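# Tertiary structure, described
Residue strings, one per chain:
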Amino acid sequence: VQLVESGGGLVQPGGSLRVSCVTSGFTFRRYLMSWYRQAPGKERELVASITIDGGRTHYADSMKGRFTISRDNAKNTVYLQMNSLKPEDTAVYYCNAFTSPSNDYWGQGPQVTVSS
């Protein structure tokens, strides 16, 4: 099982960034996909989730209207588009695939830094 994220980096406040998570080794289309983030000194928190067919999404309150999660089941990939970024969005962003506690996979987490 592999979840390989890309697209992190440094961006100015108000800017945009898209992170991607390409997966392999499991049946992607059967998994709930999510993005989490963890800032220094803070607990990991849910950013957004998307159902197996992409029909429903869920966002943490502070991300609503700014972030968009999407998936491409043909490419085994999930995306997180982040707009209107704020310094408090600085964190390591983790891709997660989940169907059950025994089928719960994580990516390595790209760093996203929002700073002028």
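Being a predicted model, the structure only gives us computed values, none of them experimental. (Residues numbered from 1 in each chain as written. Predicted model: local features only at pLDDT ≥ 70, side-chain atom pairs only at ≥ 80, totals over all residues. Heavy atoms only, no water.)

### Looking at the environment of L10
With respect to the helices and strands, L10 occurs in strand β2 (residues 9–11). L10 gets classed as exposed once you look at its relative accessible area, which sits at 64%. The spatial distance from the C-alpha of L10 to the C-alpha of V112 is 6.1 Å, given a sequence separation of 102 residues. In contact with L10, not counting residues within four places along its chain, are T113 and S115. (Helix = DSSP H or I, 4+ residues; strand = E, 2+ residues; numbered from the N terminus. Buried < 20%, exposed > 50% of the residue type's maximum accessible area, 1.4 Å probe, protein only. Contact = heavy atoms within 4.5 Å.)

### Description of the packing of aromatic side chains
Per the stated rule, a full pass over the model turns up four aromatic pairs. Every member of this aromatic cluster is reached through a ring pair, and the members are F26, Y31 and Y105. Here the guanidinium or amino end of R44 rests over the ring plane of Y94, the centre of that ring lying 3.8 Å away. Sitting over the ring of F28, R71 keeps its end group 4.4 Å from the ring centre. (Phe/Tyr/Trp six-rings, centres within 6.5 Å; stacked < 30°, edge-to-face > 60°. Lys NZ or Arg CZ within 6 Å of the ring centre and 35° of its normal.)

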